[in-house]
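Read off the chains here:
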Amino acid sequence: MHSAKQKVNDAAAVVKEHAEILEAKAQEKAEKAVARTKEEKEIAHERRKVKEAEAKMKMHAAKAQHIEDKLRHGTHHLHHQHQPVGTAVPPTGVAAPTYPLGGYPPGWTAPK
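Values in this document were obtained by computation on a predicted structure and should not be read as measured data.

Draft legend 1. Quick look at the side chain of Glu28. Looking at the secondary structure, you find Glu28 in helix H1 (residues 2–34). Every residue in contact with Glu28, bar those within four places of it in the chain, is listed here: Ala44, His45 and Arg48.

Draft legend 2. Structural view of the side chain of His66. Relative to the assigned elements, His66 resides in helix H2 (residues 38–73). Judged by relative accessible area, His66 falls into the buried class, the value being 14%. Ignoring anything within four residues of it in the chain, the contact list for His66 reads Gln6, Asn9, Asp10 and Ala13.

Draft legend 3. Structural view of the environment of Glu17. Topologically, Glu17 is positioned in helix H1. As for Glu17 and Lys58, which are separated by 41 residues in sequence, their C-alpha atoms are 7.6 Å apart. Each residue touching Glu17, except ones within four places of it in the same chain, is listed here: Ala55, Lys56 and Met59.

Draft legend 4. Representation of the pattern of salt bridges. Evaluated as defined, the whole model comprises seven salt bridges. Residue Glu17 is joined to Lys56 by a salt bridge in which the shortest nitrogen-to-oxygen separation is 3.6 Å. A residue pair is termed long-range when its members are at least 10 positions apart, and Glu17 in helix H1 and Lys56 in helix H2 qualify at 39 residues. A residue is classified by how much of its surface remains accessible, and Glu17, at 6% relative accessible area, is buried. Put simply, Glu52 and Arg48 hold a salt bridge, and the shortest N to O gap is 2.6 Å. Placement of both Glu52 and Arg48 in helix H2 is noted, with a separation of four residues, approximately one turn of the helix. When its relative accessible area of 14% is taken as the criterion, Arg48 is described as buried. Three or more residues joined by partner-sharing salt bridges are found here, namely Glu28, Lys32, Arg48 and Glu52.

What counts and how
Residues numbered from 1 in each chain as written. Predicted model: local features only at pLDDT ≥ 70, side-chain atom pairs only at ≥ 80, totals over all residues. Heavy atoms only, no water. Helix = DSSP H or I, 4+ residues; strand = E, 2+ residues; numbered from the N terminus. Contact = heavy atoms within 4.5 Å. Buried < 20%, exposed > 50% of the residue type's maximum accessible area, 1.4 Å probe, protein only. Salt bridge = Lys/Arg side-chain N within 4 Å of Asp/Glu carboxyl O.

Below, the structure is given as structure tokens:
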């Protein structure tokens, strides 16, 4: 359950990061439209790169927090292991065959 919750929270953090990156790109485009010199356009580009890096940093911090939350709460669930089909133990009181399955019974000879 915690793994599923962690995956959902991580996915939400990634979506938030992408939204922040798109917002930074839109702001860069608006700043470049208003910019009059090449230097102002470069400043707008550098601001976008800073905002993208901050968004990535926030996403990684959120993922680390999700892992910490998972470890803090721990996994107290018992994991039941099921037997594969066909490996069931016969119930008591039922005689198991004395000859190997798929082979010949004791005393029987193969045809020649």
